[in-house]
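A closer look at the structure
Here is what each chain is made of, one letter per residue.
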Amino acid sequence: MKKSIVWLAGFILPFYFLSSCSESRELMAEIPADSEVIARIDARSLLELMDLETDDGSIKISSQLQKILDENEVQISDNLFPTILEYLESDDIFFFTSKGGSTWVVAKSTDSDGLKKFLSDNGLASSKEGGYETMASNSYGKWFLKGDLVWWNTTGNTSTPSDLVNSIKKDGSIGDVPGAGDFLRRDGTFKVAVRNPADKGQWICGDVKFEGAEMKIEALAYNAEGTQIHDAVLAPINTGFLRYIPENPMFVGAAGLTKNFNWKLIGTFCSRFGLEAYAVYESLLPALKSIDGTLAVAAEYKGQELADTEDLFDFNYKNYKFIILAEMKSENALATISNIRQMLALNGMSPDTTIPDRMTINYFGFTISVIYQNGYLMISNYVPDESSDMSMGARFEGNHLCAVLNLNNQRLSQFTGEDFSFGIDANVNIHDNKGFITVKLTDQPLPFLLAIIKNALR
């Protein structure tokens, strides 16, 4: 099927428009401190990772990318994009989401008159608005020019740079924010800072890199004073739980918890999903606080491959083997099992009470087992044994938190509702007071960004 060149232009233009090889300038003074997400992008480096190179404003396409375009019947001309590089001077382009929900790009121009003409020649109508030269169209949103500064409201709503200036006057700029501001100033291809939704004074910052078919993110967290947050509430994971997980799990996650773990923060997060989610958290809180070590969860999809119309994550539990494991002292585990029995009885259910350290529950046609064994309280829909080969031990060893997700292309497509030509092997871990996220695209030979482009053009 013929693909529209408009899609590819829309994908590339934001980066291409805002690229140049001039010396970097400080632009963070133009971004409000109360922004929710800020990304600093070296657009030229991203173009190169997409197998695109720029020379005097023209686009050079590699043979590998050209093959992808040809396979999908996409035609792109070398001179499709007129030169805008001469009008913009910074490789450091800032994308950010303001407190009101608008998404912005900010950059600096070397030739404001030339930029105005360029935008006008490409169909953007000019007007004056609040002391800014405004250029707007339905396709490209609203651009604002004042002096050598350029703002682009990609959301296309009524928000203007004057709104940003008022926020900066009130609360300062992101450059004034300790920790996050310093992080964004460091060199890198793609850096992002996200305000912690559970604690607005904290920032979670990530340095994103692309290597072959992998995307790697190194993450740090900063408090309101700009001090890096240490994972004192976490401890090394006890990998012994891996003996009990399903044989071919698609997901495994674990964290080593200490008595200082902030369960209140988890409660705040759960409350964002409504009263029911918070009620579940409250009912589980006594058991959660009694965990003395590692908390883990694992799941395996054991059904047949599903048809395209079915949902892999429809939570038909018969298609899954799952287990939750929590390290506990014996007295705490027995108390938790007793509390579960009482809660089930209050809801009209009759769990097995024959043995104090285990019980079974018949729930909507399947059986859940609750067992305390070898220091672990285990809740599962199968009877766990010690048959696992511990092959995932290397991924969890030495980490304080670790999660592994493995989905082939069919399962990924069913999960997202989109058509994917690749699968993913994702790994998240925390150790040495840093977080690391690695996403590897499987079932395909292309570099990460090229695979994304190819899949989007399908």
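Heads up: these notes are all about the structure in this document.

Conventions used here
- Residues numbered from 1 in each chain as written.
- Predicted model: local features only at pLDDT ≥ 70, side-chain atom pairs only at ≥ 80, totals over all residues.
- Heavy atoms only, no water.
- Salt bridge = Lys/Arg side-chain N within 4 Å of Asp/Glu carboxyl O.
- Helix = DSSP H or I, 4+ residues; strand = E, 2+ residues; numbered from the N terminus.
- Buried < 20%, exposed > 50% of the residue type's maximum accessible area, 1.4 Å probe, protein only.
- Contact = heavy atoms within 4.5 Å.
- Phe/Tyr/Trp six-rings, centres within 6.5 Å; stacked < 30°, edge-to-face > 60°.
- Arc of directions from axis to C-beta.

**Structural notes on the pattern of salt bridges**
With the rule as written, the count across this model stands at eleven salt bridges. As a salt-bridge pair, Arg185 and Asp182 come within 3.1 Å of each other at their nearest N and O atoms. Taken together, the residues span about one helical turn, with Arg185 and Asp182 both in helix H6 (residues 180-185) at a distance of three residues. A relative accessible area of 37% means that Arg185 is categorised as partly exposed. By relative accessible area, Asp182 is classed as partly exposed at 44%. Through salt bridges with shared partners, a single network forms among Glu211, Glu214 and Lys216.

**Things to note about the environment of Ser167**
Here Ser167 lies in helix H5 (residues 161-171). For Ser167, a relative accessible area of 22% puts it in the partly exposed group. Spatially, the C-alpha atom of Ser167 lies 8.9 Å from that of Ile31, the residues being 136 residues apart in sequence. Beyond its immediate stretch of four places on either side in the chain, Ser167 contacts Pro32, Asp34 and Gly172.

**Some thoughts on the packing of aromatic side chains**
Aromatic ring pairs are defined here through the distance separating the ring centres and the angle between the ring planes. Tallying each qualifying case throughout the model produces nine aromatic pairs. Judged by centre distance (6.3 Å) and plane angle (85°), the ring pair of Tyr132 and Phe144 falls under edge-to-face. Pair noted here: Tyr132 is in strand E7 (residues 132-137) and Phe144 is in strand E8 (residues 141-146), with a separation of twelve residues, a long-range link. Residue Phe144 is classed as buried on the basis of its relative accessible area of 0%.

**Some details on helix H7 (residues 263-271)**
Regarding H7, the residues found buried are Trp263, Gly267 and Cys270. Take H7 and look down its axis: the buried residues cluster within an arc of 60°, on one side only. The inward-facing, buried residues of H7 contact strand E14 (251-257) and helix H8 (275-289).

The values are spatial; any link to function lies outside them.
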